[in-house]
Amino acid sequence: MKGEPVSSNWDNLLKLQELDSQVDHLEHEISILTLSLGLNQLEEKKQQLVNDLEINREVLEKAMVQISERDSESREITSRIKKLEGQLYGETKYGSKDLQNMSHELKALQARRDEIDDEELREMEEIEPVQNLVSGGENELKSVEIEIEETITKIGLSEKELRGEIEKISSEANLVRETVDMSVLEKYSKTRAGGLKVAASQVVHGSCGGCQMKLSATELDQVKHSSVNDLVLCEQCGCILVPRETVP
Ligand SMILES: [Zn+2]
């Protein structure tokens, strides 16, 4: 590194940090794509629709069974009525007592059948709103499923785009990396690998640019006179403190 101005090393370190931060930001954007594009909300909505649909379908099915039972009961009575009518108005002669009984029974059956038919009609009216709920729910579910598919496609496209950007920035970062002093780079990389995203920062208004902690006069003086061979780290966050003056 002899002959090369010290500031160039600092500049390159800061440039590297900037590019790495851009990559971090893009990686974060990828990680929250499903959230930011609302996939989770859509999945929740779908589940709710599926649940509601299941309940309404069950109600509808039960009502349909009941209606069909009424229907067959009504048919059965109708055939008994026909049979009685055949007896009443047929060739066979019955005594007046028998005729009276048959006539009574016929009237009772007709009344019962009217009653059942009325009930059936009422029940059919009652299930109409449920039928609407089921068909409305089915349509809504279909459109949510389409929306989910579209969102998944969108997430894939966005991720591809972001990965492309990351690749570009990473290769630029790799070029810059080669220009940074080995020992500084080692410290920088170790710090970042340890989880600290901002591993190098300038002193801004007397504070660490990474964690904003105010530096003492002594620390500021140390940073001012630091070099790549004599790094000063922030006591609070551990990032490499880069002297302000060296960067134009
Ligand atoms: Zn700090």
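Residues numbered from 1 in each chain as written. Predicted model: local features only at pLDDT ≥ 70, side-chain atom pairs only at ≥ 80, totals over all residues.

**Side note on the overall build of the chain**
- For the chain, the count of helices and strands is six helices and three strands.
- Compactness check: the chain gives a C-alpha radius of gyration of 42 Å against a globular reference of 18 Å for 248 residues, more than 25% above the reference.
- Summarising its shape, the C-alpha atoms of the chain cover approximately 135 × 35 × 25 Å along the three principal directions.
- Among the 248 residues that make up the chain, the fraction classed as buried is 13%.
- Considering only residue pairs separated by 6 or more positions, the chain has 76% of its internal contacts joining residues 24 or more positions apart. (Helix = DSSP H or I, 4+ residues; strand = E, 2+ residues; numbered from the N terminus. Rg over C-alpha atoms; globule rule 2.2 N^0.38 Å. Buried ≥ 20, exposed ≤ 12 C-beta atoms within 10 Å, placed from the backbone. Contact = placed C-beta atoms within 7 Å.)

**Quick word on the sheet that holds strand β1 (residues 200-204)**
- Spatial strand order, β2-β1-β3: three strands in an open sheet with mixed pairing. Only two strands of the sheet have a single neighbouring strand rather than two, namely β2 (207-208) and β3 (240-242).
- When β1 meets β2, the two strands line up antiparallel, connected through two bridges. Across the sheet, V203 pairs through a bridge with C208, a residue of β2. (Pairing = 2+ DSSP bridges.)

**Observations concerning the domain arrangement of the chain**
- Domains assigned within the chain are domain 1 (6-31 + 181-242) and domain 2 (33-177).
- Placing the centre of domain 1 and that of domain 2 at their C-alpha centroids yields a distance of 64 Å.
- Facing the twelve residues of domain 1 at the interface are eleven residues of domain 2.
- Counting residues per element, the side of domain 1 that touches domain 2 draws most heavily on helix α1 (residues 6-31), which supplies eleven residues.
- Here the side of domain 1 that touches domain 2 is built from residues that sort into six nonpolar, two polar and four charged. (Domains from an automatic or database assignment. Nonpolar A, V, L, I, M, F, W, Y, C, P; charged D, E, K, R; others polar.)

**Focus: the environment of L121**
- Mapped onto the elements, L121 comes out in helix α4 (residues 96-177).
- In sequence terms L121 and Y188 are 67 residues apart; their C-alpha atoms lie 81 Å from each other.

**Topic: the pairing of β1**
- Pairing between β1 and β3: three bridges, direction parallel. Bridge pairing in β3 links S201 to L241.
- Following β1, the chain reverses through two residues before pairing antiparallel with β2; H205 in that reversal takes a positive phi of roughly 50°.

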